[in-house]
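So the chains spell out like this:
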Amino acid sequence: MAQHEHVRVAVIGSGFGGLGAAVRLRREGITDFVVLERADSVGGTWRDNSYPGCACDVPSHLYSFSFAPNPDWPRTFSGQRHIRAYLEHVTDLFGLRPHLRLDSEVKLMTWDNDKLRWNIETARGSLTADVVVSATGPLSDPKIPEIPGLESFPGKVFHSARWDHDYDLRGKRVAMVGTGASAIQIVPAIQPQVGRLTLFQRTPPWVMPRVDRAISGAERWLHRRLPLTAQARRGLLWGIRELQVQAFTKHPDELGLVEQLAKRNMARSVKDPALRAKLTPDYRIGCKRILLSSTYYPALARPNVDVVASGLSEIRGSTVVAADGTEAEVDAIVFGTGFHVTDMPIAERVVGTEGITLAESWKTGMQALRGASAAGFPNWMTIIGPNTGLGNSSMILMIESQLNYMADYLRQLDVLGGRTALDARPAAVENWNHEVQERMKRTVWNTGGCTSWYLDASGRNTTIWPGTTTEFRRATRRVDLGEYEVVRTPVAGASVARERSEATA
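As the structure is a prediction and not an experimental result, all values here were calculated from the model. (Residues numbered from 1 in each chain as written. Predicted model: local features only at pLDDT ≥ 70, side-chain atom pairs only at ≥ 80, totals over all residues. Heavy atoms only, no water.)

1. Section: unusual backbone geometry
And step 1. Unlike most non-glycine residues, asparagine 379 shows phi in positive territory, near 50°.
And step 2. Note on placement: asparagine 379 falls in the loop between helix H10 (358-361) and strand S18 (380-382).
And step 3. On the basis of relative accessible area, asparagine 379 is assigned to the buried category, the value being 1%.
And step 4. At asparagine 387, a residue that is not glycine, the phi angle is positive and equals roughly 55°. (Helix = DSSP H or I, 4+ residues; strand = E, 2+ residues; numbered from the N terminus. Buried < 20%, exposed > 50% of the residue type's maximum accessible area, 1.4 Å probe, protein only.)

Encoded structure:
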């Protein structure tokens, strides 16, 4: 990295959010930007998660950029390898490689009140930027629970997002901890190989069949020759999910029929009544993410699998002990225990106008204006920020809406001219967050009777968007300057410039 490099925009992360931001910047005619990536290649979560069976639970034609359609998806639900290859393709197609700064983990970002810019320290040097777009994503930093005795376990331990491909699981006794979206893919992938698999399940998930199939050569040919057919396919997938939203956000009781379908799916594969009882959730379907698999239940019914309906609580040498006292001798422990979502580590590395970190600002819960801007952190935006997650559709739709907001944000700075910054007004952030939380009260995520990773430590849902993707796109189409304080390079001090801006707003 060049000494004292300065750019107009620094993008943090090179997953879907970061690469999408980079493409949009170029399409807006902005080339003075860098993409800071901590790893040695692009891909984000689709680079990091390479565990056996890893695939997307959103249809391929919807889980891709509208501006970069892929007519050659091999399956209706594509695997990690193909999604990562797609992101590499996007990087090359839009000429993003000159902007990449790989192996450049951001250590600290500090706002300079006098120069109105961000000072950024990375693993490969320092730089400054007028605007920071943080696209680190909520599924980037693995979470492993603190288990007494874990540090002295003599066997192999790793998280699903840090899979050790050099470790041979064949014939081994393996403990799988967790029953989330990763675990239900890992279990059927490794069950035929391992000697014995013990699944530690704190809460059973609702699982629906995964209707996956190979996309035929004829379909791919048609999508290449007639791109409108791929657009129509994407539109249909999107429309179905938009129609489903009201059941999640306004009428959770309507999901009872879906529960019956999920129970029938289980009954087809799990004949043992005792095992079915363990696997049947006691909360409304949709409260946690509905998982898709046609192989999970059959794998659990195999003779070399034990389901422990209790969380892992202790480890004594090679013995893993559940909270209900169940014990098992294992050679390896695989944690499918999720990520730091409501306590994203990047927030500890962002220091705003008052000298406090974003993590300190969010100590009572994450909140950001339209999911993008935090008060006290001028010219800083986040992609997939607070309350932008989805429970039933493609996050790429939300990312593209936030890219619209980012583009207009930069246009507004150009119109204002000079050394200028926009700082979200605390009242605007509070009003937005209040509206979101009011809408959240009747959603299945808050009323369904479960504890999920959507909720923060205080039980507040700071993760999910309580509406349709269409509503969010409307809400982020334009930047409302009335929701921001305009900060200019001061003549006699930064505070004077701020007060004048407030007085004239």
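2. Digging into the state of the cysteines
And step 1. Under the criterion given, the structure shown has one disulfide.
And step 2. Take cysteine 54: it sits in no disulfide, and the sulfur closest to it among the cysteines is that of cysteine 56, at 8.8 Å.
And step 3. Residue classification places cysteine 56 among the buried positions, given a relative accessible area of 4%. (Disulfide = S-S within 2.5 Å.)

3. Remarks on the side chain of serine 14
And step 1. Considering the arrangement of structural elements, one finds serine 14 in the loop between strand S1 (5-12) and helix H1 (16-27).
And step 2. Residue serine 14 is classed as buried on the basis of its relative accessible area, which comes to 1%.
And step 3. Within the structure, serine 14 has its side chain in polar contact with the side chain of glutamate 37 (distance 2.7 Å).
And step 4. Setting aside residues up to four positions removed in sequence, serine 14 forms contacts with Leu19, Val35, Glu37, Ser41, Val42, Gly43, Gly44 and Arg47. (Polar contact = N/O pair within 3.5 Å; in protein donor to acceptor, adjacent residues only side chain to side chain. Contact = heavy atoms within 4.5 Å.)

4. Some thoughts on the sheet that holds strand S7 (residues 156-159)
Strand-to-strand pairing in sheets goes through backbone hydrogen bonds, with the strands running parallel or antiparallel.
And step 1. One open sheet holds the five strands; their spatial order is S7-S16-S8-S9-S12, and the pairing between them is parallel. Across the chains shown, the open sheet's two edge strands, defined by having one partner strand only, are S7 and strand S12 (305-308). The mean inter-strand angle of the sheet, taken between neighbouring strand axes irrespective of direction, is 15°.
And step 2. Relative to S12, strand S9 (residues 196-200) is paired through four bridges, and the arrangement is parallel. When the bridges of S12 are listed, threonine 198 appears paired with aspartate 306.
And step 3. Along the sheet, helix H4 (residues 183-190) contacts strand S8 (173-177) and S9; its crossing angle with S8, the most-contacted strand, is approximately 165°. (Pairing = 2+ DSSP bridges. Axes fitted to C-alpha atoms, helices over the stretch in contact; angles between N-to-C directions.)

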